[in-house]
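# Architecture and fold: a report
Below, each chain spelled out in residue letters.
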Amino acid sequence: MPNTSRVTFDLIIRNGTVVTSRNTQVMDVGVREGKIQALEPHLSARAKQEIDATGRLVFPGFIDAHTHMGIPIKTTTSADDFSSGSLAAAFGGITTIIDFTVQEKGQSLIDSLEERISRARGKSYVDFHIHVNVTDQPERWLSQIPEIIRRGFRSFKTFSTYREAGMMVTWPQFRTIMEAVSAAGGLVMLHAEDNTVVEEATQKHLDEGQLEPIYHARSRPASAEARAIEQAARIAGELQAPLYIVHLSSAAGLAVALRAKQGGVPLFIETCPQYLLLDKSVYLNENGHYFITTPPLRTRSDQQALWQALSNNQVDVVGTDHCPFTREQKEMGQRQFHQTPNGLPGVETLFPLLYTYGVQTGRMTLQQLVQVLGVNPARIFGLEHRKGDIRVGLDADLVIWNPRETTRITGQHQHGRADWSPYEGMTIAGKLEWTLLRGNVLVHNDQLMASSPDGQLIPAKSEIS
Ligand code: URP
Ligand code: ZN
Ligand code: ZN
């Protein structure tokens, strides 16, 4: 072990219960030049700043691998831009967000990537990375894929639905994209819903004048998700190419994905808190239209299947699909399922919810929490040389959590632009006291401490592991 007694640190966090992907232990964390430089039971060295974390849990800063800041949906734009959305992230212990490009009609993949980066740069309070959406004329831009991967962006997102929005790729196009991406060492992500199932069910409800929010769920059944995963996994298996299923919502989809995994398909599963904690009965409430998100909320038994998969280490990542709309925006659809902008806020509540309803209920361990919100997204998207765990050499992104306090989620006290929360009133088993980004205090006790947004673009490391 190196002798750190003479080293001066910029910061030492003393006596916290440090939660890493490997264990949970009382330790001191020494930080210098934005990096974790020491992790020892008792650091005798001194530091310019010290934080006493006695009785607190010290976590790695978390990653939300699925956000949509300021994207066009229906006739409006998701309410958070990088500034407000990253602020919400910081207050929820998220120190890295991974957002998605929006490929305009006729726009190249590289141009869409540069545009998204320019929207985030100088605006984001937390570090960020970008997935590349492939939605328009895929064949035309395939030749750009190796260059994009060389620049440090290896994840390419496709949709098997949203034809009406011009975002869908056909299965032959999906195969072509997957061939090009995997040949260059990248990863294809999929929003998995079979479009034929969705369009037929949607049309039926529109024809019958069934426009209430519950028909959102009925228009997009779990069978659509399962069928799309089946198709995609078959192609991924034939090509032996990695496939990442975003926002998995159903037991039926899960069963197909797990079968494919067991059959040797290199497949990653992401789910979201809304599919673990909310069910479709909310669509019958007065504000049911607020909960319109795609895929829709499912049943209690779908939730149980997803929790079980988390317990069994079969879910790789929990992200949020953060895509908030204000109440006013949700009202624009006049409570009609097909007109209401789809998406939910989530980035600020991801970690508190998973800690409370995952770890505290015994459904997952602290180490599993660090896996799905840190280590796994970092590894899958090539950020593991900087992010995702507490280890000497990694960025000093740290969250200090007081597990002895109890707090409550209210939309009013969230930091994003949505003026409501899907989790309104839910109890949280703790309080976030500090969020540190690369050793700098970003949030302390409900106060933003950063004087300006200092989030950096984190490219994926060049070697693909
Ligand atoms: O309804 C949602 N989830 N909106 C965001 C876009 C998407 O499909 O992920
Ligand atoms: Zn999606
Ligand atoms: Zn999404």
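Secondary structure assignment for the protein yields 14 helices and 21 strands. Whereas a compact globule of 465 residues would reach a radius of gyration of roughly 23 Å, the protein reaches 21 Å, a difference of no more than 12%. Taken along its principal axes, the extent of the C-alpha atoms in the protein is 75 × 50 × 40 Å. Within the protein, the proportion of its 465 residues that are buried is 62%. Counted over contacts in the protein with a minimum sequence separation of 6, partners at least 24 positions apart contribute 76%. Roughly 17400 Å² of accessible area belongs to the protein as shown, and the carbon and sulfur atoms make up 48% of that amount. When the 45 positive and 50 negative side-chain charges of the protein are each reduced to one mean point, those points stand 3 Å apart.

Looking now at the site of ligand 1. Inspection of the region around ligand 1 gives His 66, His 68, Ile 73, Tyr 162, His 191, His 247, Thr 293, Thr 294, Asp 321, Cys 323, Asn 342 and Gly 343 as its neighbouring residues. Side-chain polar atom of Asp 321 to a nitrogen atom of ligand 1: 2.7 Å apart, as the coordinates give it. Alone, ligand 1 offers 270 Å² of accessible surface; in the complex the protein occludes 98% of this. Taken atom by atom, the bulk of ligand 1 overlaps the largest pocket. For the shell around ligand 1, the per-class residue count stands at 3 nonpolar, 8 polar and 1 charged.

One way to see where empty space is left: roll a probe the size of a water molecule over the atoms. Considered as a void within the structure, the largest pocket measures approximately 890 Å³ in volume. Looking at the largest pocket, it is lined by 41 residues, and the ones nearest its centre are Tyr 162, Glu 164, Ala 165, Met 167 and Asn 342. Among the secondary structure elements, those contributing two or more residues to the lining of the largest pocket are β7 (72-73), β11 (155-159) and α6 (195-207). Counting residues per element, the lining of the largest pocket draws most heavily on α6, at 6 residues. A class-by-class count of the residues in the lining of the largest pocket yields 14 nonpolar, 19 polar and 8 charged.

Right, let's talk about the nonpolar core for a bit. Generally speaking, a soluble globular protein has its nonpolar side chains buried in company with each other. In terms of nonpolar packing, the biggest core is built from 110 residues, with Phe 59 and Phe 174 touching the most fellow members. Taken together, domain 1 (8-59 + 390-448) and domain 2 (61-380) each give at least three residues to this core, which thus spans both. Look past the residues within four positions of Phe 174 in its chain and what remains in contact with it is Thr 158, Val 169, Val 188, Leu 190, Ala 232, Ile 235 and Leu 243. Counting 18 residues, the second largest nonpolar core, distinct from the first, contains Ile 13, Val 29, Val 31 and Trp 434.

The final tally for this structure, using the stated rule, is 13 aromatic pairs. Taking 5.1 Å as the distance between ring centres and 65° as the angle between the ring planes, the aromatic pair formed by Phe 59 and Phe 351 counts as edge-to-face. In this pair, Phe 59 is assigned in strand β5 (residues 57-60) and Phe 351 in helix α13 (residues 350-359), connecting sequence segments 292 residues apart. Phe 351 matches Phe 59 in its accessibility class, with the two residues each being buried. Between Phe 159 and Tyr 162, the ring centres sit 5.6 Å apart and the planes meet at 40°, which makes this aromatic pair tilted.

Attention now moves to the domain arrangement of the protein. Domain assignment breaks the protein into domain 1 (8-59 + 390-448) and domain 2 (61-380). One C-alpha centre belongs to domain 1, the other to domain 2, and the line joining them spans 27 Å. Opposite the 39 residues of domain 1 that make contact, domain 2 presents 45 residues. Looking only at domain 1, the three residues that lose the most surface to domain 2 are Arg 417, Trp 420 and Tyr 423, adding up to 22% of its buried area. Linking domain 1 with domain 2 are 3 salt bridges, by the criterion used here. Note that Asp 419 is salt-bridged to Arg 327, the shortest N-O span being 3.6 Å. Between the two partners, domain 1 and domain 2, sit 15 residue pairs in polar contact (both at pLDDT 80 or more). For the side of domain 1 that touches domain 2, the secondary structure elements donating two or more residues are β5, β16 (398-402), β18 (427-428), β19 (431-437), β20 (440-444) and β21 (447-448). Looking at the side of domain 1 that touches domain 2, its residues break down into 21 nonpolar, 11 polar and 7 charged.

Turning our attention to the coordination of the zinc ion (ligand 3). The coordination sphere of the zinc ion (ligand 3), as far as protein atoms go, consists of His 66 (NE2), His 68 (NE2) and Asp 321 (OD), spread over 2.0 to 2.2 Å. Bound by 4 donor atoms, the zinc ion (ligand 3) shows angles of 87 to 146° at the metal and therefore irregular coordination geometry. Donor residues for the zinc ion (ligand 3), ordered by position in the chain, follow H-x1-H-x252-D. A separation of 3.6 Å is found between the zinc ion (ligand 3) and the zinc ion (ligand 2). Taken together, the residues His 68 in the loop between β6 (62-67) and β7 and Asp 321 in the loop between β15 (317-318) and α12 (327-331) connect sequence positions 253 residues apart.

Turning next to the environment of Val 58. Looking at where Val 58 falls in the secondary structure, it is placed in strand β5. What makes Val 58 buried here is its relative accessible area of 0%. Along the chain, Val 58 and Thr 299 lie 241 residues apart, while their C-alpha atoms are 34 Å from each other.

In this structure, His 191 (ND1) and His 247 (NE2) serve as the protein donors to the zinc ion (ligand 2), at separations of 2.1 Å. Coordination geometry of the zinc ion (ligand 2): the 4 donor atoms subtend angles of 56 to 152° at the metal centre, consistent with an arrangement described as irregular.

Let us now look at the packing of helix α5 (residues 171-183) against helix α8 (residues 222-239). For any two helices packed against each other, the geometry is given by the interaxial angle and the distance between the axes. Viewed as axis vectors pointing N to C, α5 and α8 meet at an angle of 40°, and their least axial separation amounts to 10 Å. By the angle between their axes, α5 is oblique relative to α8. For the pair α5 and α8, the sense of crossing is right-handed. Where α5 approaches α8, its residues Trp 171, Phe 174, Arg 175, Met 178 and Glu 179 are matched on the opposing element by Ala 228, Gln 231, Ala 232, Ile 235, Ala 236, Glu 238 and Leu 239. Looking at the contact of α5 with α8, its residues break down into 8 nonpolar, 1 polar and 3 charged.

Rules of the game
Residues numbered from 1 in each chain as written. Chains lettered and ligands numbered in written order. Predicted model: local features only at pLDDT ≥ 70, side-chain atom pairs only at ≥ 80, totals over all residues. Heavy atoms only, no water. Helix = DSSP H or I, 4+ residues; strand = E, 2+ residues; numbered from the N terminus. Rg over C-alpha atoms; globule rule 2.2 N^0.38 Å. Buried < 20%, exposed > 50% of the residue type's maximum accessible area, 1.4 Å probe, protein only. Contact = heavy atoms within 4.5 Å. Areas by Shrake-Rupley, 256 points an atom, 1.4 Å probe, with all protein chains shown as cover. Lys, Arg positive; Asp, Glu negative; His and termini not counted. Charge placed at Lys NZ, Arg CZ, Asp CG, Glu CD. Near = heavy atom within 4 Å. Polar contact = N/O pair within 3.5 Å; in protein donor to acceptor, adjacent residues only side chain to side chain. 1 Å grid on protein atoms, 1.4 Å probe; cavity = no way out; pocket = protein on both sides within 12 Å on 5 of 7 lines; lining within 4 Å. Sits in = over half its atoms within 2 Å of the grid points. Nonpolar A, V, L, I, M, F, W, Y, C, P; charged D, E, K, R; others polar. Points joined across faces, edges and corners; volume = space filled by probe spheres on them. Core = buried A, V, L, I, M, F, W, Y, C linked by side-chain atoms within 4.5 Å. Domains from an automatic or database assignment. Phe/Tyr/Trp six-rings, centres within 6.5 Å; stacked < 30°, edge-to-face > 60°. Buried area = accessible area lost by both parts, 1.4 Å probe. Salt bridge = Lys/Arg side-chain N within 4 Å of Asp/Glu carboxyl O. Donors = N, O, S within 2.8 Å, 3.2 Å for Na, K, Ca; no water. Tetrahedral: all angles 85-135°; square planar, octahedral: opposite > 155°, others 65-115°. Axes fitted to C-alpha atoms, helices over the stretch in contact; angles between N-to-C directions. Parallel < 35°, antiparallel > 145°, perpendicular 65-115°, else oblique. Left-handed = near helix turned anticlockwise from the far one by under 90°.

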